[in-house]
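# A look at the structure
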Amino acid sequence: MRSVSRISDARAVLAEQRRGGCSIGLVPTMGNIHVGHLALLERCRAECDFSVVTIFVNPLQFGPKEDYTDYPRTLDKDRDVLSVHGCDLLLHPTVKEVYGEHPEQSTRVHVPDLSERWCGASRPGHFDGVATVVTRLFNFVQPETAYLGLKDYQQFLLIRKLVTDLGMNTRVAGVETMRESDGLAMSSRNAYLSADERRAAPALYRELRGIADEIRGGERDYPGAASRCRERLSAAGFNLEYLDICDAQTLRPASIADSELVILAAAFLGGTRLIDNLRLAIDPAALA
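A short tour of the structure in this document, coming up. (Residues numbered from 1 in each chain as written. Predicted model: local features only at pLDDT ≥ 70, side-chain atom pairs only at ≥ 80, totals over all residues. Heavy atoms only, no water.)

### Topic: the layout of surface pockets
By volume, the second largest pocket amounts to about 160 Å³. Surrounding the second largest pocket, 13 residues form its lining, Ile-55, Val-57, Arg-73, Leu-75 and His-92 being those nearest its centre. In the lining of the second largest pocket, the residues fall into seven nonpolar, four polar and two charged. (1 Å grid on protein atoms, 1.4 Å probe; cavity = no way out; pocket = protein on both sides within 12 Å on 5 of 7 lines; lining within 4 Å. Points joined across faces, edges and corners; volume = space filled by probe spheres on them. Nonpolar A, V, L, I, M, F, W, Y, C, P; charged D, E, K, R; others polar.)

And the structure:
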(Lines give C-alpha, C1' and ligand atoms only; values in the text may rest on other atoms or scores of the structure.)
Protein backbone atom coordinates (compact mmCIF):
# COMPACT_ATOMS: atom_id res chain seq x y z
CA MET A 1 0.00 0.00 0.00
CA ARG A 2 1.23 3.49 -0.85
CA SER A 3 0.67 6.13 1.85
CA VAL A 4 0.97 9.79 0.84
CA SER A 5 0.02 13.17 2.28
CA ARG A 6 0.53 15.33 -0.83
CA ILE A 7 -2.20 15.67 -3.44
CA SER A 8 0.40 15.80 -6.21
CA ASP A 9 1.84 12.45 -5.11
CA ALA A 10 -1.62 10.86 -5.08
CA ARG A 11 -2.39 12.23 -8.53
CA ALA A 12 0.86 10.80 -9.89
CA VAL A 13 0.02 7.33 -8.55
CA LEU A 14 -3.52 7.54 -9.91
CA ALA A 15 -2.38 8.73 -13.33
CA GLU A 16 -0.16 5.68 -13.59
CA GLN A 17 -3.07 3.39 -12.70
CA ARG A 18 -5.32 5.03 -15.28
CA ARG A 19 -2.70 4.62 -17.98
CA GLY A 20 -2.88 0.91 -17.19
CA GLY A 21 -6.66 0.93 -17.64
CA CYS A 22 -7.54 0.58 -13.95
CA SER A 23 -10.83 1.80 -12.50
CA ILE A 24 -10.49 3.86 -9.31
CA GLY A 25 -12.69 3.54 -6.23
CA LEU A 26 -12.68 5.95 -3.29
CA VAL A 27 -13.58 5.49 0.38
CA PRO A 28 -13.52 8.93 2.08
CA THR A 29 -13.12 8.75 5.89
CA MET A 30 -12.07 10.81 8.88
CA GLY A 31 -9.94 7.96 10.14
CA ASN A 32 -10.10 5.91 13.33
CA ILE A 33 -10.82 3.01 10.99
CA HIS A 34 -13.36 0.44 12.20
CA VAL A 35 -15.26 -2.50 10.72
CA GLY A 36 -17.75 -0.18 9.05
CA HIS A 37 -14.98 1.52 7.09
CA LEU A 38 -13.52 -1.85 6.18
CA ALA A 39 -16.88 -2.92 4.75
CA LEU A 40 -16.71 0.10 2.43
CA LEU A 41 -13.17 -0.86 1.44
CA GLU A 42 -14.23 -4.46 0.79
CA ARG A 43 -17.01 -3.31 -1.54
CA CYS A 44 -14.62 -0.92 -3.26
CA ARG A 45 -12.03 -3.63 -3.83
CA ALA A 46 -14.70 -5.99 -5.19
CA GLU A 47 -15.91 -3.48 -7.78
CA CYS A 48 -12.82 -1.45 -8.69
CA ASP A 49 -9.29 -2.26 -9.81
CA PHE A 50 -7.58 0.23 -7.52
CA SER A 51 -8.80 1.31 -4.08
CA VAL A 52 -8.13 4.69 -2.46
CA VAL A 53 -8.93 5.57 1.15
CA THR A 54 -8.69 9.17 2.33
CA ILE A 55 -8.26 10.12 5.98
CA PHE A 56 -8.99 13.76 6.66
CA VAL A 57 -10.59 15.29 9.74
CA ASN A 58 -12.35 18.19 8.07
CA PRO A 59 -12.44 21.36 10.18
CA LEU A 60 -15.12 22.98 8.04
CA GLN A 61 -17.79 20.48 9.09
CA PHE A 62 -17.33 20.97 12.84
CA GLY A 63 -19.13 23.70 14.75
CA PRO A 64 -17.32 25.91 17.28
CA LYS A 65 -18.49 23.80 20.25
CA GLU A 66 -18.04 20.40 18.58
CA ASP A 67 -15.28 17.83 18.92
CA TYR A 68 -12.84 18.75 16.13
CA THR A 69 -9.88 19.03 18.51
CA ASP A 70 -10.76 15.84 20.38
CA TYR A 71 -11.83 13.75 17.38
CA PRO A 72 -9.79 10.50 17.48
CA ARG A 73 -6.76 10.58 15.23
CA THR A 74 -5.08 7.18 14.90
CA LEU A 75 -3.14 7.42 11.65
CA ASP A 76 -0.43 4.86 12.43
CA LYS A 77 -2.96 2.21 13.46
CA ASP A 78 -5.22 3.08 10.53
CA ARG A 79 -2.36 2.74 8.09
CA ASP A 80 -1.55 -0.75 9.37
CA VAL A 81 -5.18 -1.89 9.29
CA LEU A 82 -5.80 -0.58 5.79
CA SER A 83 -2.63 -2.21 4.49
CA VAL A 84 -3.67 -5.59 5.90
CA HIS A 85 -7.11 -5.25 4.29
CA GLY A 86 -5.82 -4.56 0.81
CA CYS A 87 -6.07 -0.80 0.37
CA ASP A 88 -3.90 0.29 -2.56
CA LEU A 89 -3.45 3.98 -1.75
CA LEU A 90 -3.96 5.94 1.46
CA LEU A 91 -4.16 9.71 1.09
CA HIS A 92 -3.94 11.59 4.41
CA PRO A 93 -3.51 15.28 3.55
CA THR A 94 -3.04 18.15 5.97
CA VAL A 95 -5.55 20.98 6.31
CA LYS A 96 -3.12 23.24 4.44
CA GLU A 97 -2.83 20.70 1.61
CA VAL A 98 -6.62 20.57 1.19
CA TYR A 99 -7.58 24.21 1.80
CA GLY A 100 -4.39 26.25 1.39
CA GLU A 101 -3.01 28.82 3.80
CA HIS A 102 -6.38 30.32 4.74
CA PRO A 103 -9.15 27.69 5.02
CA GLU A 104 -11.62 30.27 6.30
CA GLN A 105 -11.30 32.13 2.97
CA SER A 106 -11.56 29.10 0.71
CA THR A 107 -14.44 28.53 -1.72
CA ARG A 108 -17.43 26.78 -0.17
CA VAL A 109 -20.03 24.49 -1.75
CA HIS A 110 -23.67 24.64 -0.67
CA VAL A 111 -26.39 22.11 -1.48
CA PRO A 112 -29.74 23.86 -0.90
CA ASP A 113 -32.73 22.34 0.89
CA LEU A 114 -31.11 19.08 1.99
CA SER A 115 -28.46 21.09 3.85
CA GLU A 116 -31.05 22.85 5.97
CA ARG A 117 -32.94 19.83 7.29
CA TRP A 118 -32.38 17.59 10.32
CA CYS A 119 -28.63 17.49 11.01
CA GLY A 120 -28.30 20.65 8.95
CA ALA A 121 -30.79 22.49 11.15
CA SER A 122 -29.08 21.45 14.38
CA ARG A 123 -25.53 21.86 13.04
CA PRO A 124 -25.51 25.08 10.98
CA GLY A 125 -22.79 25.04 8.34
CA HIS A 126 -22.04 21.35 8.82
CA PHE A 127 -23.19 20.23 5.40
CA ASP A 128 -21.48 23.14 3.66
CA GLY A 129 -18.28 21.76 5.17
CA VAL A 130 -19.14 18.24 4.01
CA ALA A 131 -20.05 19.37 0.49
CA THR A 132 -16.89 21.45 0.23
CA VAL A 133 -14.47 18.74 1.31
CA VAL A 134 -16.19 16.06 -0.77
CA THR A 135 -15.98 18.26 -3.86
CA ARG A 136 -12.27 18.72 -3.26
CA LEU A 137 -11.55 15.06 -2.53
CA PHE A 138 -13.50 13.94 -5.59
CA ASN A 139 -11.54 16.45 -7.65
CA PHE A 140 -8.21 15.22 -6.24
CA VAL A 141 -8.96 11.52 -6.81
CA GLN A 142 -11.55 11.60 -9.64
CA PRO A 143 -12.90 8.16 -8.77
CA GLU A 144 -15.26 6.19 -10.97
CA THR A 145 -17.11 5.20 -7.79
CA ALA A 146 -17.17 6.56 -4.24
CA TYR A 147 -18.39 4.37 -1.38
CA LEU A 148 -20.34 5.92 1.50
CA GLY A 149 -21.95 4.38 4.54
CA LEU A 150 -25.71 4.72 4.82
CA LYS A 151 -25.61 5.44 8.56
CA ASP A 152 -25.16 9.08 7.52
CA TYR A 153 -28.18 8.83 5.24
CA GLN A 154 -28.77 12.56 4.90
CA GLN A 155 -25.11 13.00 3.99
CA PHE A 156 -25.41 10.23 1.41
CA LEU A 157 -28.38 11.93 -0.28
CA LEU A 158 -26.64 15.29 -0.18
CA ILE A 159 -23.45 13.97 -1.80
CA ARG A 160 -25.45 12.11 -4.43
CA LYS A 161 -27.27 15.36 -5.30
CA LEU A 162 -24.00 17.31 -5.33
CA VAL A 163 -22.43 14.87 -7.78
CA THR A 164 -25.48 15.03 -10.05
CA ASP A 165 -25.82 18.81 -9.93
CA LEU A 166 -22.12 19.45 -10.62
CA GLY A 167 -21.96 16.87 -13.38
CA MET A 168 -19.21 14.83 -11.75
CA ASN A 169 -18.35 11.58 -13.49
CA THR A 170 -18.53 9.61 -10.24
CA ARG A 171 -21.05 7.03 -9.11
CA VAL A 172 -22.03 7.31 -5.44
CA ALA A 173 -22.60 3.86 -3.92
CA GLY A 174 -24.29 3.46 -0.54
CA VAL A 175 -23.20 0.61 1.73
CA GLU A 176 -25.44 -0.67 4.51
CA THR A 177 -24.68 0.32 8.09
CA MET A 178 -22.41 -2.02 10.00
CA ARG A 179 -23.64 -2.73 13.51
CA GLU A 180 -22.36 -4.16 16.73
CA SER A 181 -23.90 -7.44 17.86
CA ASP A 182 -26.47 -5.53 19.94
CA GLY A 183 -27.52 -3.32 17.02
CA LEU A 184 -25.61 -0.13 17.78
CA ALA A 185 -24.42 1.50 14.55
CA MET A 186 -20.63 1.50 14.36
CA SER A 187 -19.10 4.94 14.72
CA SER A 188 -15.79 6.42 15.79
CA ARG A 189 -17.72 8.49 18.34
CA ASN A 190 -18.93 5.35 20.17
CA ALA A 191 -15.57 5.44 21.96
CA TYR A 192 -16.84 8.49 23.86
CA LEU A 193 -19.61 6.47 25.57
CA SER A 194 -19.18 5.47 29.20
CA ALA A 195 -19.83 1.85 30.13
CA ASP A 196 -23.38 2.64 31.28
CA GLU A 197 -24.07 4.72 28.18
CA ARG A 198 -22.75 1.97 25.94
CA ARG A 199 -25.21 -0.47 27.50
CA ALA A 200 -28.09 1.97 26.94
CA ALA A 201 -27.12 3.03 23.40
CA PRO A 202 -28.67 0.08 21.46
CA ALA A 203 -32.13 1.27 22.54
CA LEU A 204 -31.99 3.86 19.77
CA TYR A 205 -31.98 1.28 16.98
CA ARG A 206 -34.46 -0.96 18.83
CA GLU A 207 -36.92 1.91 18.88
CA LEU A 208 -36.45 2.56 15.17
CA ARG A 209 -37.16 -1.10 14.48
CA GLY A 210 -40.24 -0.85 16.69
CA ILE A 211 -41.62 2.06 14.64
CA ALA A 212 -40.89 0.16 11.42
CA ASP A 213 -42.82 -2.84 12.74
CA GLU A 214 -45.77 -0.58 13.57
CA ILE A 215 -45.75 0.88 10.05
CA ARG A 216 -45.54 -2.57 8.47
CA GLY A 217 -48.50 -3.50 10.66
CA GLY A 218 -50.59 -0.66 9.26
CA GLU A 219 -49.75 2.38 11.42
CA ARG A 220 -50.12 5.56 9.33
CA ASP A 221 -50.17 8.19 12.06
CA TYR A 222 -46.52 8.98 11.50
CA PRO A 223 -46.31 12.05 13.78
CA GLY A 224 -47.99 10.08 16.58
CA ALA A 225 -45.70 7.07 16.20
CA ALA A 226 -42.61 9.31 16.18
CA SER A 227 -43.83 11.23 19.23
CA ARG A 228 -44.34 8.05 21.25
CA CYS A 229 -40.89 6.86 20.29
CA ARG A 230 -39.32 10.15 21.35
CA GLU A 231 -41.03 9.88 24.72
CA ARG A 232 -39.67 6.35 25.28
CA LEU A 233 -36.14 7.34 24.34
CA SER A 234 -36.27 10.42 26.55
CA ALA A 235 -37.37 8.25 29.45
CA ALA A 236 -34.40 5.96 28.71
CA GLY A 237 -31.94 8.84 29.10
CA PHE A 238 -31.56 10.07 25.52
CA ASN A 239 -31.65 13.78 24.75
CA LEU A 240 -33.42 13.80 21.38
CA GLU A 241 -32.26 16.23 18.73
CA TYR A 242 -34.78 14.85 16.25
CA LEU A 243 -36.62 11.65 15.42
CA ASP A 244 -39.07 11.63 12.56
CA ILE A 245 -40.49 9.57 9.71
CA CYS A 246 -39.63 11.01 6.31
CA ASP A 247 -39.91 10.43 2.61
CA ALA A 248 -36.71 8.54 1.80
CA GLN A 249 -35.75 10.75 -1.16
CA THR A 250 -36.65 14.28 -0.07
CA LEU A 251 -36.35 13.88 3.73
CA ARG A 252 -39.54 15.87 4.09
CA PRO A 253 -41.94 14.56 6.75
CA ALA A 254 -43.72 11.52 5.33
CA SER A 255 -47.30 11.52 4.16
CA ILE A 256 -49.53 8.47 3.91
CA ALA A 257 -49.03 8.57 0.12
CA ASP A 258 -45.28 7.91 0.40
CA SER A 259 -44.13 4.36 -0.27
CA GLU A 260 -40.40 4.74 0.50
CA LEU A 261 -39.72 5.91 4.03
CA VAL A 262 -36.77 6.53 6.29
CA ILE A 263 -36.92 6.89 10.05
CA LEU A 264 -34.22 9.40 11.00
CA ALA A 265 -32.85 9.98 14.47
CA ALA A 266 -30.15 11.96 16.23
CA ALA A 267 -29.78 12.00 19.99
CA PHE A 268 -27.26 12.71 22.70
CA LEU A 269 -26.47 10.06 25.26
CA GLY A 270 -24.46 11.88 27.85
CA GLY A 271 -22.07 13.99 25.83
CA THR A 272 -22.04 11.67 22.80
CA ARG A 273 -24.10 12.42 19.73
CA LEU A 274 -25.52 9.32 18.04
CA ILE A 275 -27.26 9.18 14.66
CA ASP A 276 -29.10 6.30 13.05
CA ASN A 277 -31.79 5.56 10.50
CA LEU A 278 -33.93 2.75 9.20
CA ARG A 279 -35.36 2.66 5.68
CA LEU A 280 -38.43 0.71 4.67
CA ALA A 281 -40.70 0.32 1.68
CA ILE A 282 -44.49 0.01 1.84
CA ASP A 283 -46.38 -2.03 -0.73
CA PRO A 284 -48.39 0.50 -2.78
CA ALA A 285 -51.39 -1.83 -2.44
CA ALA A 286 -51.29 -1.17 1.30
CA LEU A 287 -51.65 2.56 0.65
CA ALA A 288 -54.80 2.22 -1.45
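Structure shown, so let's carry the discussion forward.
### Here we look at the packing of helix H9 (residues 203-216) against helix H10 (residues 222-235)
Where H9 meets H10, the closest approach of the two axes is 10 Å, and the angle between their N-to-C directions is 155°. Taken together, the axis directions place H9 and H10 in an arrangement best described as roughly antiparallel. The two elements H9 and H10 cross, and the hand of that crossing is right-handed. Across the interface between the two elements, Ala-203, Leu-204, Glu-207, Ile-211, Glu-214 and Ile-215 of H9 pack against Tyr-222, Ala-225, Ala-226, Arg-228, Cys-229, Arg-232 and Leu-233 of H10. Residues belonging to the contact of H9 with H10 are distributed by class as follows: nine nonpolar, no polar and four charged. (Axes fitted to C-alpha atoms, helices over the stretch in contact; angles between N-to-C directions. Helix = DSSP H or I, 4+ residues; strand = E, 2+ residues; numbered from the N terminus. Parallel < 35°, antiparallel > 145°, perpendicular 65-115°, else oblique. Left-handed = near helix turned anticlockwise from the far one by under 90°. Contact = heavy atoms within 4.5 Å.)

### A closer look at helix H2 (residues 35-47)
Counted at 1.5 Å a residue, the expected span for H2 with its 13 residues is 18 Å, and the 19 Å between its end C-alpha atoms agrees. Within the span of H2, buried status applies to Gly-36, His-37, Leu-38, Ala-39, Leu-40, Leu-41 and Cys-44. Check the buried side of H2 and you find it contacts strand S2 (24-29), strand S3 (50-55), helix H3 (75-84), strand S5 (145-149) and strand S6 (171-175). (Expected span 1.5 Å × (residues − 1). Buried < 20%, exposed > 50% of the residue type's maximum accessible area, 1.4 Å probe, protein only.)

### Re the side chain of Asp-276
Tracing the backbone shows Asp-276 in strand S9 (residues 272-281). Of the polar contacts made by the side chain of Asp-276, one reaches the side chain of Arg-179; its length is 2.8 Å. (Polar contact = N/O pair within 3.5 Å; in protein donor to acceptor, adjacent residues only side chain to side chain.)

### What about the packing of aromatic side chains?
Applying the stated criterion to the full structure yields five aromatic pairs. Here the aromatic rings of Phe-62 and Tyr-71 are separated by 5.9 Å at their centres, their planes lie at 75°, and the arrangement is edge-to-face. Like Phe-62, the residue Tyr-71 is buried in the burial classification. For Arg-73, the ring lying beneath its charged end belongs to Tyr-68, and the centroid distance is 4.8 Å. Over the ring of Tyr-205 we find Arg-179, and its NZ or CZ is 3.4 Å from the ring centre. (Phe/Tyr/Trp six-rings, centres within 6.5 Å; stacked < 30°, edge-to-face > 60°. Lys NZ or Arg CZ within 6 Å of the ring centre and 35° of its normal.)

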